Amino acid sequence: MSSLFEEIATPPADNIPVRRITVNVNGTDRTLDVEPRLLLADLLRQGLDLTGTHKGCDTTNCGACTVLVAGRPVKSCTMLAVQADGREVQTVEGLATPSELHPIQEGFKQEHGLQCGFCTPGMMLSAKALLERNPNPTEDEIRWALSGNLCRCTGYQNIVKAVLWAAEKMRAESN
Amino acid sequence: MYPSRFKYESPKTIEAAVALLDAGKGDAKILAGGQSLVPMLKLRFAFPDQIVDINNIPGLDYHRFDADGSLHIGALCRHEDLEHSAEIAERQPTIAAAAPLVADPIVRTRGTFVGSVCHADPQGDWAATMIALGGHLVVQGPKGKRTIDMKDFVLGPYANALNYNEIAIEAVIPAPKGVARGGYLKLERRVGDFATASVAVALDMDGNRVLRAGIALAGVGGKTIDANEEASALVGHDLTESIIDTVAAAVAAKAEPRTDHRGSSDYKRQIVKTFVKRILVAQIAEKVA
């Protein structure tokens with residue numbers, strides 16, 4: 001555990017109370033005591049050991065830490081953990097079932113939608129939010145929807161192909 | 001960096017939120033979308049004692065047109081609510097054009113219209129839009145509600161006219177005389193970057209005649225630039241290329257851009273002129289589909 005988490009897990013000085021929150025993470029209610037300044041990204045990574053959520057820039061730019069809160073993509077480095085109290089959070093760990101990859105994960109595999117993989121969890125969750133609202137997006141719509149997620153390896157071409165692949169598979173499955 | 005320590009409350013009513021602000025005596029801060037405040041907390045540009053999270057106050061996430069044609073935007077209406085609104089697309093072209101250009105798609109799921117106006121970032125899209133539209137804010141404090149005109153609201157970079165114990169609960173855009181027309185253009189190097197220059201144009205028109213005109217600029221000065229006076233030269237006239245040229249030049253002269261890595265001062269002024277022209281020319285009646 002990092003020194004940062006030790007520091008913020010220490011009962012804080014004077015009159016700043018720790019808050020008890022219950023967050024539904026990937027379908028399971030998790031109850032924790034947190035200091036109000038704890039960021040959602042750190043609650044997930046350090047409090048719950050869900051390290052699939054990556055912190056890239058920590059400045060609301062890169063989108064690597066994107067998770068779904070109540071179904072909508074959120075940069076988890078830019079939301080307080082206490083704000084997730086009583087809400088549903090989905091991380092990359094919640095995409096696959098024990099036996100099967102999510103079609104979006106399969107698409108990234110089939111179309112070689114990642115190289116180093118650092119941006120991939122955030123990309124996939126933004127893609128999931130897109131496909132829930134728009135099951136048949138154009139290439140332009142995919143590029144637009146993913147424009148808050150930065151990738152420094154792929155040039156985005158195969159990421160777009162991966163999302164198109166997933167969209168087609170998900171449409172076929174729902175028919 | 002990590003935010004400094006603060007107390008956190010998430011009241012269920014506006015009155016309770018106002019009471020917390022009042023008790024904070026200037027060291028309490030409202031948290032709405034948090035897409036500017038949380039980064040500022042992390043950079044420790046902001047270090048309030050008390051955060052008052054208004055996200056659990058019901059009934060603030062609306063935007064609606066009243067029967068008189070005025071548009072009302074609640075304090076928890078997110079950028080993406082406006083971006084995806086069929087009513088906005090149909091009836092309020094300046095906001096419809098700006099909404100997809102605010103920050104990036106992920107930030108737009110959290111960030112709020114009213115919060116962005118209050119943040120008064122010189123780069124902010126919504127403060128410029130509100131000035132061009134001649135809007136006002138409804139604010140609530142311990143003694144009740146009052147309204148503040150946008151022309152009096154932005155005092156400087158990150159400075160607004162709210163008292164420490166007041167919350168902006170609603171933005172109001174008055175009903176257009178005639179038909180609401182206009183647009184928003186922003187030049188940015190990449191999605192989510194600070195704008196090189198942004199232009200908001202809002203017109204009320206009857207056919208090709210301009211009944212009201214507002215123009216405001218972002219990213220080209222130490223604060224949001226109010227060019228409504230320059231825009232008012234259009235009022236009472238038909239939109240023609242020659243009057244558009246005159247107004248575009250006057251608005252560009254009002255900009256106060258600084259040379260930086262996004263471009264020279266002259267270049268940014270040229271962008272302002274081009275964007276004003278581009279938006280206005282598209283409103284000439286015979287060009288409107």
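Counting starts from 1 at the beginning of each chain's written sequence and moves along it residue by residue. Chains and ligands are labelled by the order in which they are written, letters from A for the one and numbers from 1 for the other. Only residues with pLDDT of 70 or above have their local features reported here, since the model is predicted, and side-chain atom pairs are shown and tallied only from 80 upward, although totals for entire chains, interfaces and linings are computed over all residues.

A. Focus on the overall build of chain B. A run of H or I in DSSP becomes a helix once it reaches four residues, and a run of E becomes a strand once it reaches two; helices and strands are each numbered from the N terminus. Regarding its fold elements, chain B presents eleven helices and 14 strands. Projected onto the principal axes, the alpha-carbon positions of chain B cover approximately 55 × 45 × 30 Å. Whether a residue is buried, exposed or partly exposed follows from its count of other C-beta atoms within 10 Å of its own C-beta, namely 20 or more, 12 or fewer, or something in between, respectively; the C-beta atoms are built from the backbone. Looking at chain B residue by residue over its 289 residues, the buried ones come to 53%. Here the contact rule is simple: place C-beta atoms from the backbone, and any two residues whose C-beta atoms are within 7 Å are in contact. Summarising the internal contacts of chain B: among those between residues at least 6 apart in sequence, 63% fall at separations of at least 24.

B. View of the overall build of chain A. Helix and strand content of chain A: six helices and five strands. The linear arrangement of helices and strands in chain A, starting from the amino end, is α-β-β-α-β-β-β-α-α-α-α. What the globule rule says is 2.2 Å times the number of residues to the power 0.38, and the radius of gyration is computed from C-alpha atoms. In summary, chain A has a C-alpha radius of gyration of 17 Å against a globular reference of 16 Å for 175 residues, a match within 12%. For chain A, the C-alpha atoms occupy an extent of roughly 55 × 35 × 25 Å along the three principal directions. Out of the 175 residues belonging to chain A, those deemed buried represent 46%. Across chain A, every contact between residues at least 6 apart in sequence was considered, and the portion connecting residues at least 24 apart equals 60%.

C. Structural context of the environment of Glu 256 of chain B. Among the structural elements, Glu 256 of chain B can be located in the loop between helix H10 (241-254) and helix H11 (265-281). Here the alpha-carbon distance between Glu 256 of chain B and Pro 105 of chain B, two residues 151 residues apart in the chain, equals 29 Å.

D. Quick look at the interface of chain A and chain B. Each partner contributes residues to the interface: chain A has 23 residues there, and chain B has 21 residues. Here the element with the most residues in the side of chain A that touches chain B is strand E4 (residues 72-75) of chain A; it accounts for four residues. The residue makeup of the side of chain A that touches chain B, split by class, is nine nonpolar, ten polar and four charged. Under the convention adopted here, Pro, Cys and the residues Ala, Val, Leu, Ile, Met, Phe, Trp and Tyr are nonpolar, Asp, Glu, Lys and Arg are charged, and Gly plus all remaining residues are polar.

E. Structural context of the pairing of strand E13 (residues 209-218) of chain B. Residue and element names in this part refer to chain B. Most of E13 sits out of view: eight of its ten residues are buried. A pair of strands is treated as paired once DSSP finds two or more bridges between them. Two elements, strand E12 (residues 197-206) and E13, share nine bridges in a ladder whose sense is antiparallel. Note that in E13 the partner of Val 201 across the bridge is Ile 215. The turn linking E12 back onto E13 is made up of two residues, and Gly 207 within it adopts a positive phi angle of 60 degrees.

F. Main features of the packing of helix H4 (residues 120-133) of chain A against helix H6 (residues 157-174) of chain A. All names here are of chain A. Axes here mean lines fitted to C-alpha atoms, for a helix over just the part in contact, with angles spanning 0 to 180 degrees between N-to-C directions. Taken N-terminus to C-terminus, the directions of H4 and H6 make an angle of 45 degrees; their axes are 11 Å apart at the nearest point. When the axes of H4 and H6 are compared, the pair comes out oblique. For the crossing formed where H4 meets H6, the hand is right-handed. Every residue of H6 that contacts H4 at Met 123, Ala 127 and Leu 131 is listed here: Ile 159, Val 163, Ala 166, Ala 167 and Met 170. A breakdown of the residues in the contact of H4 with H6 according to their chemical character gives eight nonpolar, no polar and no charged. Roughly parallel means an angle under 35 degrees; roughly antiparallel, over 145; roughly perpendicular, 65 to 115; everything else is oblique. Crossing handedness: left-handed means the near helix sits turned counterclockwise from the far one by under a right angle, and right-handed means the same turn made clockwise.

G. Main features of the sheet that holds strand E7 (residues 144-149) of chain B. All names here are of chain B. With respect to topology, five strands assemble into an open sheet ordered E4-E5-E10-E6-E7, the strand pairing being antiparallel. Where the open sheet ends on each side, the last strands, each with one partner, are strand E4 (63-65) and E7. Taking each pair of neighbouring strands and ignoring which way they run, the sheet shows an average axis angle of 20 degrees. Sheet topology places strand E6 (residues 136-141) next to E7; six bridges connect them, and they run antiparallel. Bridging across to E7, Leu 137 finds its partner in Ile 148. Strands E6 and strand E10 (167-173) of the sheet are contacted by helix H1 (residues 14-24), whose axis makes an angle of about 125 degrees with E10.

H. Main features of the domain arrangement of chain A. Residues and elements named next belong to chain A. Domain boundaries in chain A define domain 1 (3-94) and domain 2 (103-174). Computed over C-alpha atoms only, the centres of domain 1 and domain 2 are separated by 24 Å. Elements that contribute at least two residues to the side of domain 1 that touches domain 2 include exactly strand E3 (66-69) and E4. In terms of residue count, E3 provides more of the side of domain 1 that touches domain 2 than any other element does, three residues in total. Among the residues forming the side of domain 1 that touches domain 2, the class breakdown is seven nonpolar, eight polar and one charged. Start and end positions for the domains come from either an automated domain assignment or a database one.

I. Quick peek at the nonpolar core. For this entry, the nonpolar core is defined as buried Ala, Val, Leu, Ile, Met, Phe, Trp, Tyr and Cys residues connected by C-beta atoms within 7 Å. Ranked by size, the top nonpolar core spans 138 residues in total, and within it Val 199, Ile 215, Val 272 and Val 276 of chain B carry the most contacts. Contact partners of Val 276 of chain B, with chain neighbours within four places excluded, come to Val 199, Val 201, Ile 215, Val 247, Ala 248 and Val 251 of chain B.

J. H4 of chain A, seen in detail. Residues and elements named next belong to chain A. For a helix, the expected span equals 1.5 Å multiplied by the number of residues minus one. Spanning 14 residues, H4 covers 20 Å between terminal C-alpha atoms, matching the ideal 20 Å at 1.5 Å per step. The element H4 is largely enclosed, with a buried count of twelve among its 14 residues. Of the residues making up H4, those classed as buried are Thr 120, Pro 121, Gly 122, Met 123, Met 124, Leu 125, Ser 126, Ala 127, Lys 128, Ala 129, Leu 130 and Leu 131.

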